[in-house]
Structure formats: structure tokens, C-alpha cells
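As a plain string of letters, each chain reads:
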Amino acid sequence: MLKIENLSKTFRTEEIETIALNNVSMEVKEGEFVAIMGPSGCGKSTLLNILGLLDNPTAGKYYLLDKEVGGLKEKERTLFRKGNIGFVFQSFNLIDELNVYENVELPLIYLKVKAAKRKEMVHEILSRMNISHRAGHFPQQLSGGQQQRVAIARAVVAGPKLILADEPTGNLDSKNGKEVMDLLTDLNRNSGATIVMVTHSQHDASFAHRVVNLFDGEIVTDIKNRL
């Protein structure tokens, strides 16, 4: 599914150079659920941004779906993301002016899916996320847990091969957080989605097949979970 080799990322200003990732190598196989953990500033978000083709590495190789994508230009990265990668964020990132149905439909419009097919796909995923009854509501009319359900529905409606989740339960209470983790687990087990999740939560990490720990931009442990 994805493989990185000796990946490094350095941020430079006129006065300082910061090494966010230092020769990181790892592989995630198709259908795996991997949690990435570590203290603030260890490089987790930088790694997720590179995996999601939101940024390029300074050095090293990144293979996604058997293609070397680490050196793609911004426009090429955008095209490659479409339909291949779904994002779930801590802050939900829903569009306030669009209702639930319209938020979830948006990726399909970008992919130029025909209207009748879009309707079918949106209704199917809203039903699966148990949020169909809120299809006409706007994000500010929903609870945090409901907003994250919508965000997950939007991330997966087009059937992406890779789901990247950045602290997906970070703004939720424990009950809603567990429901979101159960949804991600279901997507992984029953849809075969490959998931890479950044989290501070040991509890959330326990749902993953593997836990990769970063420290100072380097992988210090890569441990399989007993599920």
C-alpha cells in the first residue's frame, strides 16, 4: 500500500533549521490499521502530511500504490489524492454553509460522479454511519460526535484506498470517541480500508494492528498489538 525509505523533512528559516523527520522508514500493507504516537513536536503531523500528499519530503522515497510520489509537484499531488486518500481531522473541517448531505457529496462532485450515482453513494454511507436522519441539518446543528460521523462519511464516500486520521477523537468525550473508533475499526475490517492514524491516546491506539512510536523525528518502536 505505502512504503517510505529514509524519509527526512527539514524546515528552514533565515535563522534556524528544524529537522522534523530524520531518515524514517516504514511500510504499511493493504488492509492494515496503524497508529502513530509520540510527544508533541516529534514529527507525527509532518509525517501524516507527507503520507497524505499535502507536503513533500526533503529527502528519501515515498511509494504509494506502487508509484513514487515523494517528488510530485503540488498539482500532481492534488490529482493523485483524488479518490485514493480520505482525511479525517480532529476539528472535523466540515463546511458550515453546506448541510450534511452536501458536505458528504462534495468529494463525489470533484470526482465528476453522475448525480444519480452520487445520491445513491451518499445515502448508503450516511446510513452506514447512522447519520441519515441528519442529512438536511447543518454542522452547527450537530453534536461533536455527529460532526465526526459526517466527516468520516465524507472521507470514505468515494471508497479511498487509504484513510488518514489526525487525532480523530481529540475533540470528543469518551463515549463519542469510542463510537468513532468503532466506526474506523468497522471500515478497516469490513471494507478493507487501510488506515494510518495519529493519536495521543493509548486507548485509541489499542484499536490498531500496529503502534509506531516517534521521538525527535525518528521511529523508536514499531509494535504489533494483540487484538
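As shown above, the structure is provided for reference.
Not measured: the values here are computed from a predicted model.

Right, let's get into the overall build of the protein. A tally of regular secondary structure across the protein gives 7 helices and 10 strands. Each principal axis of the C-alpha atoms in the protein carries an extent, and together these give about 50 × 35 × 35 Å. In the protein, which comprises 227 residues, the share counted as buried stands at 48%. With the model as given, the accessible surface of the protein reaches about 11500 Å², and the carbon-plus-sulfur share is 48%. Averaging the positions of the 28 positive and the 28 negative side-chain charges in the protein gives two centres separated by 6 Å.

As a further point, take the sheet that holds strand β1 (residues 2–12). Spatially, the 4 strands line up as an open sheet ordered β2-β1-β4-β5, and their pairing is antiparallel. Each edge of the open sheet is held by one strand with a lone partner, namely β2 (17–28) and β5 (67–68). Here helix α1 (residues 44–51) sits on the sheet in contact with β1, β2 and β4 (59–64), set at roughly 120° to β1.

Where strands meet in a sheet, backbone hydrogen bonds hold them as pairs that are either parallel or antiparallel. Pairing is mixed across the open sheet formed by 6 strands, whose spatial order is β6-β7-β8-β3-β9-β10. Because the sheet does not close on itself, it has two edges, and the strands there are β6 (85–89) and β10 (218–224). Strand-to-strand twist in this sheet, taken as the mean axis angle between neighbours without regard to direction, amounts to 15°. For strand β7 (residues 162–166) and strand β8 (residues 194–198), the ladder comprises 5 bridges, and the chain directions are parallel. Paired with Leu162 across the two strands is Thr194, which belongs to β8. Lying on the sheet, α1 is in contact with β3 (33–37), β6, β7, β8 and β9 (210–215); it crosses β7 at an angle near 155°.

This part covers the pattern of salt bridges. For the coordinates displayed, the defined rule picks out 11 salt bridges. When the shortest N-O distance is used, the salt bridge between Glu5 and Lys3 registers 3.4 Å. Under the relative-accessibility criterion, Glu5 is labelled partly exposed at 27%. Salt bridges here are not isolated pairs; linked through shared partners, they connect Glu32, Arg210 and Asp222.

What follows concerns the packing of aromatic side chains. According to the stated counting rule, one finds 1 aromatic pair in the structure shown. Each ring, one from Phe87 and one from Phe89, has its centre 5.8 Å from the other, and the planes form 5°; the classification is stacked. Overall, Phe87 belongs to the buried group, its relative accessible area being 18%. Of the residues examined, Phe89 reaches a relative accessible area of 27% and is grouped as partly exposed.

Here the focus is the environment of Asp222. Counting through the fold element by element, Asp222 comes out in strand β10. By relative accessible area, which is 40% here, Asp222 ends up partly exposed. With 59 residues separating them in the primary sequence, Asp222 and Ile163 have C-alpha atoms 20 Å apart. Aside from chain neighbours lying at most four places away, what touches Asp222 is Arg210, Val211 and Val212.

Thresholds, definitions, all that
- Residues numbered from 1 in each chain as written.
- Predicted model: local features only at pLDDT ≥ 70, side-chain atom pairs only at ≥ 80, totals over all residues.
- Heavy atoms only, no water.
- Helix = DSSP H or I, 4+ residues; strand = E, 2+ residues; numbered from the N terminus.
- Buried < 20%, exposed > 50% of the residue type's maximum accessible area, 1.4 Å probe, protein only.
- Areas by Shrake-Rupley, 256 points an atom, 1.4 Å probe, with all protein chains shown as cover.
- Lys, Arg positive; Asp, Glu negative; His and termini not counted.
- Charge placed at Lys NZ, Arg CZ, Asp CG, Glu CD.
- Pairing = 2+ DSSP bridges.
- Contact = heavy atoms within 4.5 Å.
- Axes fitted to C-alpha atoms, helices over the stretch in contact; angles between N-to-C directions.
- Salt bridge = Lys/Arg side-chain N within 4 Å of Asp/Glu carboxyl O.
- Phe/Tyr/Trp six-rings, centres within 6.5 Å; stacked < 30°, edge-to-face > 60°.

The quantities given are spatial measurements derived from coordinates; they are silent on function.
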